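Architecture and fold: a report
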Amino acid sequence: MIVVLLGPPGSGKGTQAKRLSSERHWPQLSTGDMLRTAISKGTQVGLEAKALMDKGSLVPDSVVVRLIAERTEDADCKAGFVLDGFPRNAAQAEALDLMLSRMNRKVDRAVLFEISDQELVIRLSGRRTCIKCGAMFHLDHAQPKNPGICDACGSALIQRDDDHPDVIKKRLEVYHQQTEPVVGFYARQEKLKTVDARRKSSEVSAELHKALS
Ligand code: AMP
């Protein structure tokens, strides 16, 4: 099954994609994670992406479409995969459909994580991310056992450059202008389901499984 998780930054897509991935053995394809890996490795793609990501803008479609096209050819994607953070605009959604149709495949379901901007600002500004494994914590409601240290792998927790308030505002603007049309794209294809992303992670997970059944 090929699943697209849609929703604003901070709506919990990444957390649920990881969970779904380990439960169903579908790899999580996160363009944000792929770009952050490229940045940490200092590749050309990473160098180009960093400045755009730091200010909350989108990286060019050609870059992310290529990352996804290469990754979907890997053997572990055969049974299915979860897309997290891609497609992020109508052009990427169309490119994805075209790429999949050439492989005789298609998106089976798109799930929208619904939550208000106000809630997201609180969530994102308190978010802390593991520098190594990407696990996420929150200063208020998901504190690590030891401050500043990842429970999962023991590495340092940081505040992502793009989780600072001015960049959060920009990322939400980009979401409303560019990513929201993707919701309509999948609604027209009758593939769209929604989950209430304000709820507890375990409840969102249960809703997500229902949406995929
Ligand atoms: P994320 O971790 O999904 O919130 O992504 C972090 C940043 O990476 C975004 O604000 C964009 O700058 C960039 N990015 C991630 N995915 C995409 C995409 N599909 N298209 C363009 N830029 C992306």
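For the structure, see preceding data.
Read on for a plain summary of the structure. (Residues numbered from 1 in each chain as written. Predicted model: local features only at pLDDT ≥ 70, side-chain atom pairs only at ≥ 80, totals over all residues. Heavy atoms only, no water.)

**Looking at the packing of helix H4 (residues 61-72) against helix H5 (residues 90-102)**
Note the following rule: Axis geometry follows a simple rule: fit a line to the C-alpha atoms, using only the stretch in contact for helices, then measure angles between N-to-C directions, giving values from 0 to 180 degrees. Counting from the N terminus, the helices are the DSSP runs of H or I reaching at least four residues and the strands are the DSSP runs of E reaching at least two. Working definition: roughly parallel below 35 degrees, roughly antiparallel above 145 degrees, roughly perpendicular at 65 to 115 degrees, and oblique for all remaining angles. If you view the pair so one helix is near and one far, a crossing is left-handed when the near helix is turned anticlockwise from the far one by less than a right angle, and right-handed when it is turned clockwise. Should any heavy atoms of two residues lie within 4.5 Å, those residues are considered in contact. Each residue is assigned to one class: nonpolar for Ala, Val, Leu, Ile, Met, Phe, Trp, Tyr, Cys and Pro, charged for Asp, Glu, Lys and Arg, and polar for all the others, Gly among them.
Orientation of H4 relative to H5, taken along the N-to-C sense of each, is 30 degrees, at an axis distance of 11 Å. The angle between H4 and H5 falls in the class roughly parallel. The chirality of how H4 crosses H5 is right-handed. Taking contact as the criterion, the partners of Asp61, Val64, Val65, Ile68, Ala69 and Thr72 in H4 are, on H5, Ala91, Gln92, Ala95, Leu96 and Met99. Residue classes in the contact of H4 with H5 are distributed as eight nonpolar, two polar and one charged.

**Quick notes on the sheet that holds strand E5 (residues 127-130)**
As a reminder, the rule being used: A strand pair is defined by DSSP finding two or more bridges across the two strands.
The three strands lie next to each other as E6-E5-E7, forming an open sheet whose pairing is antiparallel. Each edge of the sheet is formed by a strand with only one pairing partner; in this case those strands are strand E6 (136-138) and strand E7 (157-158). Bridge analysis of E5 against E6 gives three bridges, and the strand direction is antiparallel. By the bridge assignment, Arg127 is partnered in E6 with His138. The strands that helix H6 (residues 117-125) touches are E5 and E6; relative to E5, the one it contacts most, it runs at about 45 degrees.

**Observations concerning the pattern of salt bridges**
The test is simple: Any carboxyl oxygen of Asp or Glu that lies within 4 Å of a side-chain nitrogen of Lys or Arg is treated as forming a salt bridge with it. Buried, partly exposed and exposed residues are distinguished by accessible area as a fraction of the type maximum, computed with a 1.4 Å probe on protein chains only: under 20%, between the cut-offs, and over 50%, respectively.
Applying the stated criterion across every chain, the model contains 16 salt bridges. One salt bridge connects Asp162 with Arg171, and the closest N-O pair in it is separated by 3.8 Å. The same class applies to Asp162 as to Arg171, namely buried. It is possible to trace a salt-bridge network through shared partners that takes in Arg127, Arg160, Asp162, Asp163 and Arg171.

**Examining the environment of Gly46**
Along the chain, the position of Gly46 falls in helix H3 (residues 44-54). In the structure, Gly46 is positioned 38 residues away from Asp84 in sequence and 19 Å away in space, judged by C-alpha atoms. Setting aside anything within four residues of it in sequence, one finds Gly46 in contact with Ala38 and Ile39.

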